[in-house]
Amino acid sequence: CELWYLPPYSPDLNPIEHWWFVLKNWLRQRWDEFANFQDCVDNAFKQCPKVSP
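The paragraphs below set out a description of the structure included in this document.

About the criteria used
Counting from 1, residues in each chain are numbered in the order their sequence is written. A pLDDT threshold of at least 70 governs which residues receive local features in this predicted model, and a stricter bar of 80 or more applies before side-chain atom pairs are shown or counted, although totals over entire chains, interfaces and linings include all residues. Water and hydrogen atoms play no part in the side-chain values, which are based on all heavy atoms of the structure. Note on patches: the residues involved have over 30% relative accessible area and no salt bridge, like charges join within 9 Å, and the nonpolar side chains Val, Leu, Ile, Met, Phe, Trp and Tyr join within 5 Å. Each accessible area is a Shrake-Rupley estimate made with a 1.4 Å probe; only the visible protein chains count as cover when residues are assessed. In what follows, salt bridge is the name for a side-chain nitrogen of Lys or Arg lying within 4 Å of a carboxyl oxygen of Asp or Glu. Note on conventions: DSSP H or I runs of at least 4 residues are helices, E runs of at least 2 residues are strands, and numbering of each starts at the N terminus. Geometry of aromatic contacts follows a simple scheme: Phe, Tyr and Trp rings, the Trp one being its six-membered ring, pair when their centres are within 6.5 Å, and the pair is stacked under 30 degrees between planes, edge-to-face over 60, tilted otherwise. When accessible area is computed with a 1.4 Å probe and restricted to protein chains, residues below 20% of their type maximum are described as buried, those above 50% as exposed, and intermediate ones as partly exposed.

**Quick look at a nonpolar patch on the surface**
On the surface, a cluster of nonpolar side chains totalling about 290 Å² of accessible area is made up of Ile16, Trp20 and Phe45. Here phenylalanine 45 is to be found in helix α2 (residues 37-47).

**Here's the deal with the packing of aromatic side chains**
Under the definition given, this model contains 3 aromatic pairs. Judged by centre distance (5.3 Å) and plane angle (70°), the ring pair of tryptophan 19 and tryptophan 20 falls under edge-to-face. A relative accessible area of 36% places tryptophan 20 in the partly exposed class. An angle of 50° between the planes, with centres 5.7 Å apart, marks the rings of tryptophan 31 and phenylalanine 37 as tilted. Residue tryptophan 31 is classed as partly exposed on the basis of its relative accessible area of 40%. Judged by its relative accessible area of 49%, phenylalanine 37 falls in the partly exposed class.

The structure is reproduced here in structure tokens:
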């Protein structure tokens, strides 16, 4: 058995965290344009720009 020490979690180093930030902002800005949350999320995944760190 070996113990492996993992580095502490850092959102700044995780690319998905950058994308979630953009996605959440997109949702907040356009929430009123959709009849329900599911439609808003579906459109967000289709139209939200790709984010790279």
